[in-house]
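Listed here are the chains, written in short residue letters.
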Amino acid sequence: MTSPAPAAQVGPRQILSLAVPAFLALVAEPLFLMVDAAVVGRLGVVPLAGLGAASSVLLTAAGVFVFLAYGTTSVVARQFGAGSWRGAIEVGVGGIWLAAGLGALAAIVVGLGARPLAQAFGSSPAALDEAVVYLRISALGLPAMLLVLAATGILRGLQDTRTPLVVSAIGFGANAVLSIALVLGAGMGIGGAAWGTVIAQWGMAFALLAVILRQGRGAGASLRPHVGRVVSAALDGVPLLVRTLALRAIILLTVATAAAFGDVPLAAYQVTTTIWSLLVFALDALAIAGQALTGAQLGSGDAAGARAATALMVRWGIWGGVVLGVGLLSLHRVLPALFTDDPAVRSAIAAGLVFVALCQPLSGYVFVVDGVLIGAGDGRWLAGSMSLVLLAYVPVVLLARVVGGDHGPEAAVVTLWLAFTAFMVLRGACMAWRIRGDAWAVTGATR
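Just so we're clear, the structure is a prediction, and the values are computed from it rather than from any experiment.

> Can you walk me through the nonpolar core in this structure?
Most often, soluble globular proteins have nonpolar side chains that are buried together. Phe420 and Phe423 are the most contacted members of the largest nonpolar core, which has 131 residues in total. What Phe423 contacts, discounting residues up to four positions off in sequence, is Leu247, Ile250, Met386, Val389 and Tyr393.

This is the structure we're talking about:
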């Protein structure tokens with residue numbers, strides 16, 4: 001296998017070739033859970049409630065370990081840009097072995113701690129039993145889920161987002177068929193849905209690993225566990241883990257404030273957050289393209305090219321946010337009816353969606369620059385800045401709790417989104433300061 005060519009000037013076609021498949025692959029895990037929800041929902045309210053609690057645990061695990069994909073993309077892309085296919089595979093394999101170890105540990109923790117973990121999400125006693133069944137079986141799929149993250153990171157670093165898309169699409173289809181067959185056909189209940197997801201996850205993991213194995217052998221790369229590379233992958237992942245945990249803390253603080261306002265504001269905020277999360281997938285696809293392209297440009301020694309690509313992707317992110325925001329604003333009174341019949345909740349959702357829409361251009365900027373800095377391997381700065389933003393956000397959200405609780409559900413939801421927008425402004429300001437300097441744009445095969 002020949003070495004890759006040095007990174008060339010990035011254009012719209014190259015960005016789209018990475019971003020579009022990445023967007024479609026991003027929705028795979030939520031789609032897995034949606035299929036399970038649709039099938040388990042036919043069993044009754046209690047199993048569905050149990051699935052909700054179990055899904056919260058699994059999505060949290062997926063969010064915490066996402067650094068396996070992000071960190072791997074950065075180091076692999078640098079080697080790719082430097083012209084070393086063998087080096088790219090070998091540094092990525094360190095992430096694979098790290099994912100295997102962390103996946104085994106996570107499986108043990110979730111499997112043995114299924115009951116207290118599900119209980120933490122407020123399950124009723126009957127729903128708790130269902131959640132425990134789902135979690136104990138799903139724990140067997142956690143190593144596969146983490147292996148998929150790391151393998152996807154390698155392929156993104158190699159500028160390949162199509163293979164993860166194909167594997168995700170096949171995995172989604174297999175999960176749907178297995179869930180229906182095991183739950184409704186074989187009568188296995190919520191456990192059948194869990195087994196269907198586990199089988200699909202392992203199938204995806206083996207498929208992606210087979211692709212990497214074939215490419216590694218073609219490049220003459222060593223695929224054996226190497227202590228130094230595994231430790232390096234772990235150390236590279238720590239800053240991104242800190243960044244992710246700080247971000248999760250900000251989100252949880254906002255949800256806790258919504259809960260303090262009462263059921264109507266909490267329900268409305270949950271719906272608006274769901275819609276915001278859907279829009280995030282579109283903008284995050286550009287961030288993934290930013291990770292892969294920035295790493296390759298800097299790996300090739302082309303800092304100017306990395307800056308030019310960043311400027312182009314930032315413009316796309318902002319304008320993409322404008323388009324999404326205008327679309328959401330035009331539907332902000334229509335969408336609430338899809339989620340509830342309660343007039344108070346509908347009104348609060350509509351009020352919140354106005355601010356979600358107005359925030360989209362800012363979100364586009366923040367997500368793209370975040371992806372660029374991750375691709376540049378600037379994890380330590382990202383961890384430090386997100387921790388500082390978390391500290392700055394605490395008084396903001398406490399003020400929101402004081403101000404927003406006395407003027408009705410609409411005012412409460414608007415106050416929550418004003419607070420969250422303040423967080424995005426703080427985050428965006430930090431990133432604008434960082435991206436204007438030169439410290440992030442370190443060139444070379446390693447940072």
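> What is the right way to look at the side chain of Thr294 in this model?
Counting through the fold element by element, Thr294 comes out in helix 12 (residues 263-299). The class of Thr294 is buried, set by a relative accessible area of 1%.

> Looking at this model, I keep getting lost on the pattern of salt bridges. Mind explaining?
Once the charged atoms of two side chains with opposite charge are near each other, the side chains can pair. This structure, assessed with the given rule, holds six salt bridges. Note that Arg307 and Asp438 form a salt bridge whose closest N and O atoms lie 2.8 Å from each other. Taken together, the positions of Arg307 in helix 13 (residues 303-330) and Asp438 in the segment after helix 17 (408-436) put the pair 131 residues apart, joining distant regions of the chain. When its relative accessible area of 30% is taken as the criterion, Arg307 is described as partly exposed.

> Which parts of the structure should I look at to understand the layout of surface pockets?
Picture a little ball the size of a water molecule; that probe, rolled over the atoms, points out where space is still empty. Its volume calculated, the second largest pocket comes out at about 570 Å³. Around the second largest pocket, the lining is made up of 23 residues, and of these Ser74, Val75, Asp236, Gly377 and Arg447 lie nearest the centre. Mapped by element, the contributors of at least two residues to the lining of the second largest pocket are helix 4 (67-81), helix 11 (227-261) and helix 16 (379-404). Among the elements that line the lining of the second largest pocket, the one with the most residues is helix 11, at seven residues.

> Is there a simple way to explain the packing of aromatic side chains in this structure?
A ring pair, where both rings are aromatic, is described by two values, the distance of the centres and the angle of the planes. Evaluation of the coordinates by the stated rule reveals 10 aromatic pairs. For the pair Tyr269 and Trp417, a centre-to-centre distance of 5.5 Å together with 45° between the ring planes defines the contact as tilted. Residue Tyr269 is found in helix 12, and its partner Trp417 is found in helix 17; the two are separated by 148 residues along the sequence. Each member of the aromatic cluster is reached from another via a ring pair, and the members are Tyr269, Trp276, Phe367, Tyr393, Trp417, Phe420 and Phe423.

> Would you mind going over helix 12 with me for this structure?
In an α-helix, one turn spans 3.6 residues, which is why side chains three or four residues apart end up on the same side. Taking 1.5 Å per residue, 37 residues should reach 54 Å; helix 12 reaches 51 Å between its end C-alpha atoms and fits that length. Of all the bends in helix 12, the largest measures some 30° and sits at Ala282. Positive backbone phi, at 90°, marks Gly301, one or two positions downstream of helix 12.

> Looking at this structure, I do not really get the confidence of the model for the protein chain. What am I missing?
Predicted coordinates in areas of low pLDDT are best not read in detail. Here the protein chain averages 86 in pLDDT, and 94% of its residues register 70 or above. Put simply, helix 2 (residues 28-40) is where the protein chain has its lowest mean pLDDT, 69, and helix 15 (residues 360-375) is where it has its highest, 94. Every residue in residues 1-7 scores below 50 in pLDDT, and together they form 16 contacts with partners more than four places removed in sequence or on other chains.

What counts and how
- Each residue is numbered by its place in its chain's sequence as written, counting from 1.
- Whole-chain, interface and lining totals are the exception, using all residues; otherwise, since this is a predicted model, local features are given only for residues with pLDDT of at least 70 and side-chain atom pairs are given and counted only at 80 or more.
- In computing side-chain properties, one takes all heavy atoms of the structure into account and sets aside hydrogens as well as water.
- Buried residues of nine kinds, namely Ala, Val, Leu, Ile, Met, Phe, Trp, Tyr and Cys, make up a nonpolar core once their side-chain atoms join them within 4.5 Å.
- The cut-offs for exposure are 20% and 50% of the maximum accessible area for each residue type, with area from a 1.4 Å probe on protein chains only; residues under the lower value are buried, those over the upper are exposed, and the others partly exposed.
- Residue contacts follow a heavy-atom distance rule, with two residues in contact if any of their heavy atoms lie within 4.5 Å.
- Numbered from the N terminus, helices here are DSSP runs of H or I no shorter than four residues, and strands are runs of E no shorter than two.
- What counts as a salt bridge is simple: a side-chain nitrogen of Lys or Arg found within 4 Å of a carboxyl oxygen of Asp or Glu.
- A cavity here means a set of 1 Å grid points, computed over protein atoms only, where a 1.4 Å probe fits but cannot escape. A pocket is an open set with protein on both sides within 12 Å along at least 5 of 7 lines, and lining residues have an atom within 4 Å of a point.
- Grid points are joined across faces, edges and corners, and a volume is the space filled by probe spheres set on the points.
- The criterion for an aromatic pair is that two Phe, Tyr or Trp rings (for Trp, the six-membered ring) have centres within 6.5 Å, with stacked assigned to planes under 30 degrees apart, edge-to-face to planes over 60 apart and tilted to the rest.
- The length a helix should cover is 1.5 Å for every residue beyond the first.
- Bend at a residue means the angle formed by two fitted axes: the first through the 7 residues ending at that position, the second through the 7 residues beginning there.
- Each residue carries a pLDDT score, the predictor's confidence in it, ranging from 0 to 100.

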